[in-house]
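Listed below, chain by chain, are the residues.
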Amino acid sequence: MNTIDTHKALDCLSDSLKSNAQKSLGYPVAKDFDYSFLYPFLQLPLNNIGDPFTPSTYKVDTREVEREVLNFMAQLFRAPKDHWWGYVTNGGSEGNLYGLYLAREYFPKGMVYYSQATHYSVTKNLHLLDMPRVVIKAQENGEIDYEDLRQTLQINRHITPIIFINIGTTMKEAKDDLKKIRQMLDELAIEDYHIHADGALSGMIAPFLTPRPAFDFADGVDSIAVSGHKFIGSPIPCGFVLVKKHLRDKIARSISYIGSEDTTISGSRNGFTPLVLWYAIKQLGKEGLAQRAQQSLQLAEYTENRLKEMGIPAWRNPNAITVVFPDPGPEITHKWQLAVEKGITHVILMPGTDTHQINAFLEDMATTVIPKGEFAMID
Ligand SMILES: *Cc1c(COP(=O)(O)O)cnc(C)c1O
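Not measured: the values here are computed from a predicted model.

Enquirer: How should unusual backbone geometry be read in this particular structure?
Expert: Leaving glycine aside, a negative phi is the common case for residues, and trans is the common case for peptide bonds. Cis geometry is adopted by the peptide bond preceding Pro211, which originates at Thr210 and carries an omega value of -5°. Looking at the element boundaries, Pro211 is found in the loop between strand S5 (194-198) and strand S6 (223-227). One non-glycine residue with positive phi stands out, namely Glu173, at about 50°. Looking at where Glu173 falls in the secondary structure, it is placed in the loop between strand S4 (161-166) and helix H6 (178-187). Classification of Glu173 by relative accessible area gives buried; the value is 2%.

Enquirer: Help me understand H6, please; the structure alone is not making it clear to me.
Expert: Since the α-helix packs 3.6 residues into each turn, any two residues three or four apart lie on the same face. Every buried residue belonging to H6 is among Leu178, Ile181, Met184 and Leu185, and all of these are buried. Down the axis of H6, the sector holding all buried residues measures 120°, keeping them to one side. Facing away from the buried side of H6 by more than 90 degrees, the exposed set consists of Lys179 and Asp186. In this structure, the buried side of H6 is in contact with helix H5 (146-155), S4 and S5. Between a side-chain oxygen at the N-terminus of H6 and the backbone nitrogen of Lys179 the separation is 2.9 Å; the capping residue is Asp177. In the stretch just after H6, Ala189 is the one whose phi turns positive, near 55°.

Enquirer: Please explain the nonpolar core as it appears in this structure.
Expert: Side chains of nonpolar character tend, in soluble globular proteins, to be buried together. Counting 63 residues, the largest nonpolar core has Met73, Phe77, Leu153, Ile165, Met204 and Leu242 as the members making the most contacts within it. No other element matches the 9 residues that helix H9 (residues 273-309) contributes to this core. Shared between two domains, this core takes at least three residues from each, and those domains are domain 1 (3-34 + 289-371) and domain 2 (37-281). Discounting chain neighbours no more than four positions away, the residues touching Leu242 are Leu70, Met73, Ala74, Phe77, Trp84, Trp85, Gly86, Phe217, Asp222, Ser223 and Ile224.

Enquirer: Please explain the domain arrangement of the chain as it appears in this structure.
Expert: It is common to give the size of an interface as the accessible area lost on bringing the parts into contact. Each assigned domain of the chain is listed with its residue range as follows: domain 1 (3-34 + 289-371) and domain 2 (37-281). For domain 1 and domain 2, the distance between their C-alpha centroids amounts to 27 Å. Facing the 29 residues of domain 1 at the interface are 24 residues of domain 2. Interface of domain 1 and domain 2: buried area, both sides summed, is about 2,000 Å²; carbon and sulfur atoms make up 66% of it. Contact with domain 2 buries surface across domain 1, with Leu289, Asn317 and Asn319 losing the most and accounting together for 27% of the total. On the surface where domain 1 and domain 2 come into contact, there are 0 salt bridges. Inspection of the domain 1/domain 2 interface yields 9 residue pairs in polar contact (both at pLDDT 80 or more). Mapped onto the side of domain 1 that touches domain 2, the elements with two or more residues apiece are H9, strand S10 (322-326), strand S11 (340-341) and strand S12 (344-348). With 7 residues, the single largest contributor to the side of domain 1 that touches domain 2 is H9.

Enquirer: I would appreciate a short explanation of the side chain of Asn96 in the present structure.
Expert: Position of Asn96 relative to the elements: it lies in helix H3 (residues 92-106). Among the residues examined, Asn96 registers a relative accessible area of 2% and is labelled buried. Once residues within four sequence positions are removed from consideration, Asn96 is found in contact with Val122, Phe164, His196, Ala197, Asp198 and Ala225.

Enquirer: Quick question: what am I supposed to make of the sheet that holds S10 here?
Expert: Sheets are built from strands paired through backbone hydrogen bonds, the pairs being either parallel or antiparallel. The 3 strands lie next to each other as S10-S12-S11, forming an open sheet whose pairing is antiparallel. The sheet is open, and its two edges are formed by S10 and S11, each paired on a single side. Against the sheet, H9 contacts S10 and S12, and its axis sits at roughly 20° relative to S10.

What counts and how
- Residues numbered from 1 in each chain as written.
- Predicted model: local features only at pLDDT ≥ 70, side-chain atom pairs only at ≥ 80, totals over all residues.
- Heavy atoms only, no water.
- Helix = DSSP H or I, 4+ residues; strand = E, 2+ residues; numbered from the N terminus.
- Buried < 20%, exposed > 50% of the residue type's maximum accessible area, 1.4 Å probe, protein only.
- Arc of directions from axis to C-beta.
- Contact = heavy atoms within 4.5 Å.
- Polar contact = N/O pair within 3.5 Å; in protein donor to acceptor, adjacent residues only side chain to side chain.
- Core = buried A, V, L, I, M, F, W, Y, C linked by side-chain atoms within 4.5 Å.
- Domains from an automatic or database assignment.
- Buried area = accessible area lost by both parts, 1.4 Å probe.
- Salt bridge = Lys/Arg side-chain N within 4 Å of Asp/Glu carboxyl O.
- Pairing = 2+ DSSP bridges.
- Axes fitted to C-alpha atoms, helices over the stretch in contact; angles between N-to-C directions.

Written out as structure tokens, the structure reads:
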């Protein structure tokens, strides 16, 4: 291809992707960002190899910016002062893998508990880590079944539990109640345990909710993973993980080749995405983030109400931006890129979704003839 053809191909791809982004309502990605000030950094071989808090021999890095991002998040998640650690990851999955890895190194004989509604990547990660596990039932709304958890913990009281909780499940955005789980552990007189929170989407919303859900360090988690490209928004998938520092110290190894410590999952690490997160935080601040959460909640309420008015049994979990409803058929799910699972689907009212888009979707829902009796019962 000559240069003109190459540029034409790129224009064509860019147009088609922009149009696809306009019609994407089913996946949790914010679309309202503009990182054009960061473009010059794409001309540098950035690499944050090694530990964000230990300087490396390689200096084309954004470690300082990465630490600022982590500091902001540590405060937001009420991490114990001077006793936390973390890094910017390639996404929520890596952060979850990391939390489980640290838990395994600290409690090599531990048993992992997680609900049926947990993200599909977790089973794979536990397989990679070769950790024994018990899947706990999920309630109808996607929250873990506390009675099933209690009974299972009771049977295995001699084994240290590693509890993987969801702060916003993938399909129904349900939040497991950390207060209830901590109380359960107390009642069962279980003293040693690790709690990891998967806050891929809602970790970035929960700090701004009233009532504030129990999910962070002050509430008793030992590690937490969040995605950066979901609620904050990023052109490149990313995220961050925060942990209590002693867990990280247990696995740290000093590596002379990089002049830093090997404390992360991958070797070379993205030096651009910390800039993305940093820029978003600087632009928005806590107030801006809180405002975005409010806007999403309002749009979710609007969407839920409009669907109900059409006679569609739509619902959502308390303070969720995900509206769940029965599968309306392939015409709509293809057009609006909606994920379907066991007869249900959802729209997620992410920042950057405007009323105009939602109204176009609602119009499609209203004009598509769906035999009401054929709605699968919500499970
Ligand atoms: C998206 C998601 C993940 C995976 O995060 P990635 O950033 O895509 O790796 C994990 N858990 C939940 C609940 C999610 O919604």
